[in-house]
Amino acid sequence: MGCGMGKAAASLGKKRERAMRAALLIQRWYRQYVARLEMRRRCTWNIFQSIEYAGEQDQIKLYNFFGYLMEHFTPASSERSLISHIFRENDVVHDTEWERYFCYKSIEVSHGYHGPHLTFPMTFCEASKLVEAFKHKQLLHSRYVLQLLGEAWKLLRILPNINHVSTCHSKEITICGDLHGQLEDLLLVFYKNGLPSSEKPYVFNGDFVDRGKSSMEILLILFAFLLVYPNGVHLNRGNHEDHIVNLRYGFTKEVLGKYRVHGKKILKLLQKMFSWLPLATVIDGKVLVVHGGISDTTDLNVIARMERHKYVSALRPPKSGRVHLDVVDTPTHDRRRDGPLTMGLWPFQMVDLLWSDPMAQDGCQPNQVRGGGCYWGPDVTEEVLGRHHLQLLIRSHECKQDGYEFCHNRRVLTLFSASNYYEVGSNRGAYVRMGPDLVPHFIQYQSSQTCRTLTLRQRTERSALCALREQLFAHKSDLLGAFQHYDPDNTGVISLKHWASAMEGVLKLGLPWRVLRSQLGTSTQDGMLDYREWIQDLVFSEPKHEVLILETMYRNHSNLETIFRIIDTDHSGSLSFEEFRQTWKLLSAHLKTEVDDDAIADLALSIDFNKDGSIDINEFMEAFRLVALAVPS
Amino acid sequence: MLFPSALGPEILVTGVHKRINDAFQVFDHDLNKTVDVREIGAIVRSLGCFPTEAELLDIIDEVEEPNGFICFERFLPTMSKILMENKFRPIPEDTLLKAFEVLDQQKKGHLEPNELTEYMRQGDEPFTQLEMEEMLSSAVEPDSNLIYYKDFVNMMVLDGER
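Residues numbered from 1 in each chain as written. Chains lettered and ligands numbered in written order. Predicted model: local features only at pLDDT ≥ 70, side-chain atom pairs only at ≥ 80, totals over all residues. Heavy atoms only, no water.

Chain B is annotated in an unreviewed UniProt entry as EF-hand domain-containing protein of Gadus morhua.

Per an unreviewed UniProt entry, chain A carries the name Serine/threonine-protein phosphatase and comes from Gadus morhua. Its UniProt record gives chain A the following Sequence similarities (unreviewed entry) comment, quoted word for word: "Belongs to the PPP phosphatase family." Recorded under Cofactor (unreviewed entry), the UniProt text for chain A is reproduced unchanged: "Mn(2+)". (UniProt positions renumbered as here; feature names shortened; annotations may be inferred.)

See the structure below:
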């Protein structure tokens, strides 16, 4: 401080100091605000993820139930004959007959068609024309679809189980994770990174389809570039490249909706193609790229020799390659560490590659959260990478907030390329570029940018809570039972602690219930909660049907849709009353509950909107959704 | 009020423990009673505390394990003490508003984005680029490209209470 400092300068210094203090206060306040939001965001994320995994678990249980029917029922039994067709292996018919079946030549392209016209053999020009057309929301004619898929199928069949690529010839290789039918994300990657070519090789790490609206377009683009650059485009199979999974998660519906006449043929061909997709890619002998991950028994030499096309679904090993299994329960439950490491274990090599997730603890255990594959620990990563002289494992399969995430001492990288996966604003997508030094460079993106990120977060939160409320509604009776268990004197109130344990006991979602309670509209008095009132508030519309059947329906929403689509063998999209009844019979056998025949008949009648004696599957599922949407946020 | 005085001290302690446990669990991904040290700021702050970054570092120094993780066992007593003593008190809305008014030297009722950026990116605990972008994305009124801080504070306080 100079002694010559005048009054003005002193006041200026004071002013500046005040401003600094004010800024510090604002910083402190804002950081607290962001932290609280972060807490809520985590809860939201947990809700989405728990519900997603619970759904997968459900699907696998249903699947295993079908397996059980197949193994334990006589071939003539009606239950078995309803579902047996989905397990039929691929090569019952000779390839030449297949080729005739899929022949596109008889399909005329009418003058009214405004989409792209393709010429073969595929060229870069044709493939980019396809990208352009899809950008403008055009549909490719089913003649070209079948022709393109047929060509790609022939190529897929000569590819090895494990793609080996090297970065030496070209500069860098680009790796993408799950796309899940989100064309916008693929287009964004191409825009930022350029189209695939010999100089710009790509690895697409599975889960091209399901959930998003444009699975078909994504497949067509990927297959088109595969045809042009068989050495520049590498596709790995994901757990959603499975026709039974597609029944539940939307791809079947998408294809049948887009191709009303030839959709069935296209689906059949795709089912075959999926089983011919390669399983993994190895870059420079050092980086393993695979959709799900590994287990302690993963052996790339065994995988390289597998007959991959016999796995119509990764969840069900083909007859020839399997040991005896008790399929009543998930095969993963009792499988591990029982037998010696012999070929007897190799049926699981495939499901482990496509379904597994890494965990923080050492070891390897069945993946009970998803219901298929395993959880593997850092020690397994060390061992398996070491045994194969690898340095890095790149896998996808799990949505990550930032599009990517390292774990296991940076030796496992999760990569996810579908942005806004759970809801607009929920996550960024990412892809990786890698040169001969094999150091991954990340590029993150989000397909729809919005300026007000904070309001967006609230929206995400609301839709997560809405999804959660649907779950609560679906389990209403069980919840009530669980609450009453804690209320032996029938007072109508229970403690918050009991409320939380009852919630977890019934829903098994692993959520921080106490943190979520205010968002779920619970209010307490002296720490006690009026559960009857709370349950009452969950029901918004007076159910027309018997409450039990309605609840079963809600809870098994996706299971029902899966069974419908299985029973609808000709993919007509509609079921007779008898088939409808059989669906419910299968479902109730699966759930080991009785469903009243009259109630089903009642339901069928009320849903047959146009009174033609058949039930439209899409309409039926929509009818559900209306009720679901009526739940206020 | 965080702690109604009518409750006895034991209830108070268990209540505090529960809140800490609940918040901790949200970030304990592997359910092994540990969280990454980088998450601790969110946990402490989401429990209603308003520490500075320096104060937060003090807490971390006290509880961090050598491997960069925080164990619940060690975190609980430290955090309980903080909550019981009511350290790092909330910033009242009018104090916050006054702070914005100090920055708005010409008393226009609003700030320019670059004005606010200049203030926030200086001092002992400057915002990172990311923090700044995020704050602006919610603070700037899109039509005028200005920050009407009174509305902003209102909106944020309301949202926080929801």
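After that view, the rundown keeps rolling.
All names here are of chain A. Spatial ordering of the open sheet is given by 15-17-16, a layout of 3 strands whose pairing is antiparallel. What marks the edges here is a single partner per strand, and that holds for strand 15 (493–495) and strand 16 (524–525). One ladder, built from 3 bridges, connects strand 15 with strand 17 (residues 528–530); its direction is antiparallel. Across the sheet, residue S495 finds its bridge partner in strand 17, namely M528. The strands touched by helix 16 (residues 496–507) within the sheet are strand 15, strand 16 and strand 17, with strand 15 carrying the most contacts at an inclination of about 90 degrees. (Pairing = 2+ DSSP bridges. Helix = DSSP H or I, 4+ residues; strand = E, 2+ residues; numbered from the N terminus. Contact = heavy atoms within 4.5 Å. Axes fitted to C-alpha atoms, helices over the stretch in contact; angles between N-to-C directions.)

It is worth spelling out the interface of chain A and chain B at this point. Between chain A and chain B, the residue contacts involve 37 residues of the former and 48 residues of the latter. Summing the contributions of chain A and of chain B, the shared interface buries around 4100 Å²; its carbon and sulfur component is 62%. At the junction of chain A and chain B, the tally comes to 3 salt bridges. Linking E39(B) and R42(A) is a salt bridge whose minimum nitrogen-to-oxygen distance equals 2.9 Å. For the interface between chain A and chain B, the tally reads 9 residue pairs in polar contact (both at pLDDT 80 or more). Among the elements of the structure, helix 1 (7–72), helix 14 (453–474) and helix 17 (513–516) of chain A are those that each provide at least two residues to the side of chain A that touches chain B. When residues in the side of chain A that touches chain B are grouped by element, the largest group, 25 residues, is from helix 1 of chain A. The residue makeup of the side of chain A that touches chain B, split by class, is 20 nonpolar, 6 polar and 11 charged. (Buried area = accessible area lost by both parts, 1.4 Å probe. Salt bridge = Lys/Arg side-chain N within 4 Å of Asp/Glu carboxyl O. Polar contact = N/O pair within 3.5 Å; in protein donor to acceptor, adjacent residues only side chain to side chain. Nonpolar A, V, L, I, M, F, W, Y, C, P; charged D, E, K, R; others polar.)

All names here are of chain B. The positions UniProt marks with the feature "domain: EF-hand" (unreviewed entry) are residues 15–50 and 91–126. End C-alpha atoms of residues 15–50 are separated by 20 Å, and the span's content is 56% helix alongside 8% strand. Annotation note: span residues 91–126, helix share 53%, strand share 0%, distance between end C-alpha atoms 19 Å.

Residues and elements named next belong to chain A. Residues L183, D185, L186, L187, V189, F190 and N193 constitute the buried set of helix 6 (residues 183–193). Of the surrounding secondary structure, the elements contacted by the buried residues of helix 6 are helix 4 (124–135), strand 2 (173–176), strand 3 (202–204), helix 7 (215–228), strand 13 (429–434) and strand 14 (440–445). Immediately downstream of helix 6, the backbone of G194 shows phi near 95 degrees, a positive value. (Buried < 20%, exposed > 50% of the residue type's maximum accessible area, 1.4 Å probe, protein only.)

Together, E55(B), D58(B), D61(B) and E62(B) make up a negatively charged patch on the protein surface. Here E62(B) shows up in helix 3 (residues 53–63). (Patch = residues over 30% accessible without salt bridge, like charges linked within 9 Å, V, L, I, M, F, W, Y side chains within 5 Å. Areas by Shrake-Rupley, 256 points an atom, 1.4 Å probe, with all protein chains shown as cover. Lys, Arg positive; Asp, Glu negative; His and termini not counted. Charge placed at Lys NZ, Arg CZ, Asp CG, Glu CD.)

Here we take up the state of the cysteines. Overall, the coordinates contain 0 disulfides over all chains when judged by the stated rule. Sulfur of C49(B): no disulfide; nearest cysteine sulfur belongs to C43(A) and is 18 Å away. (Disulfide = S-S within 2.5 Å.)

A few words now on the packing of aromatic side chains. All chains considered together, the criterion is met by 26 aromatic pairs over all chains. Centre to centre, the rings of Y404(A) and F442(A) are 3.7 Å apart; their planes meet at 5 degrees, and the pair counts as stacked. In this pair, Y404(A) sits in strand 11 (residues 404–407) while F442(A) sits in strand 14, placing the two residues 38 residues apart along the sequence. For F442(A), a relative accessible area of 23% translates into the label partly exposed. Arranged with centres 6.4 Å apart and planes meeting at 90 degrees, the rings of F100(B) and F152(B) form a pair that is edge-to-face. Of this pair, F100(B) sits in helix 5 (residues 93–103) while F152(B) sits in helix 8 (residues 149–161); the two residues are 52 residues apart in sequence, bridging distant segments of the chain. For the pair formed by F100(B) and F152(B), the shared burial category is buried. (Phe/Tyr/Trp six-rings, centres within 6.5 Å; stacked < 30°, edge-to-face > 60°.)

Turning next to the sheet that holds strand 12 (residues 412–415) of chain A. All names here are of chain A. A sheet is described by the order of its strands in space; here 6 strands give the open sequence 1-5-6-10-12-11, paired in mixed fashion. Edge positions in the sheet fall to strand 1 (162–165) and strand 11, since each of these pairs with one other strand and no more. The average undirected angle you get between the axes of adjacent strands in this sheet is 20 degrees. Summarising the sheet, strand 1 and strand 5 (residues 280–283) pair through 4 bridges and their orientation is parallel. Residue pairing for strand 5: V165 is matched across the bridge by I283.

Moving on: the pattern of salt bridges. Here the structure, examined in full by the defined rule, presents 26 salt bridges over all chains. Taken together, the salt bridges that share partners define one network made up of R31(A), R45(B), E53(B) and E131(B).

Counting through the fold element by element, E561(A) comes out in helix 20 (residues 557–567). A residue is classified by how much of its surface remains accessible, and E561(A), at 8% relative accessible area, is buried.

Here the focus is the UniProt feature "domain: EF-hand" (unreviewed entry) in chain A. Residues and elements named next belong to chain A. Under the present numbering, the feature "domain: EF-hand" (unreviewed entry) in UniProt falls on residues 474–509, 555–590 and 595–630. In this annotation, residues 474–509 is assigned 64% helix and 8% strand; the end-to-end C-alpha distance for the span is 14 Å. Summarising residues 555–590: 72% helix, 8% strand, and an end-to-end C-alpha distance of 13 Å.

What follows covers helix 5 (residues 142–156) of chain A. All names here are of chain A. Counted at 1.5 Å a residue, the expected span for helix 5 with its 15 residues is 21 Å, and the 20 Å between its end C-alpha atoms agrees. Burial analysis of helix 5 places 12 of its 15 residues in the buried class, which makes it a mostly covered element. All of the buried residues in helix 5 are S142, Y144, V145, L146, Q147, L148, L149, G150, A152, W153, L155 and L156. (Expected span 1.5 Å × (residues − 1).)

Further remarks concern the environment of D362(A). Residue and element names in this part refer to chain A. Relative to the assigned elements, D362 resides in the loop between strand 7 (357–358) and strand 8 (364–366). Sequence-wise, D362 and D379 are 17 residues apart; in three dimensions their C-alpha atoms are separated by 5.4 Å. Non-local contacts of D362, meaning those with residues more than four positions away in its chain, are made with G377, P378 and D379. Reaching out from D362, the side chain makes a polar contact with the backbone nitrogen of D379 at a distance of 3.2 Å.

Quick look at unusual backbone geometry now. Along the chain, F120(A) connects to P121(A) via a cis peptide bond; the corresponding omega equals 0 degrees. Of note in this structure, H389(A) is not a glycine but carries a positive phi near 55 degrees. At N145(B), a position not held by glycine, the phi torsion is positive, near 55 degrees.

Turning our eyes to something else, we now look at the confidence of the model for chain A. Residues and elements named next belong to chain A. Averaged over every residue, the pLDDT of chain A is 82; the share at 70 or more is 83%. Here residues 320–345 scores under 50 on pLDDT; set against residues more than four positions off or in separate chains, the count is 49 contacts. For the stretch residues 626–633, pLDDT sits under 50, and the model shows 10 contacts to residues farther than four places along the chain or on other chains. (pLDDT = per-residue confidence, 0-100.)

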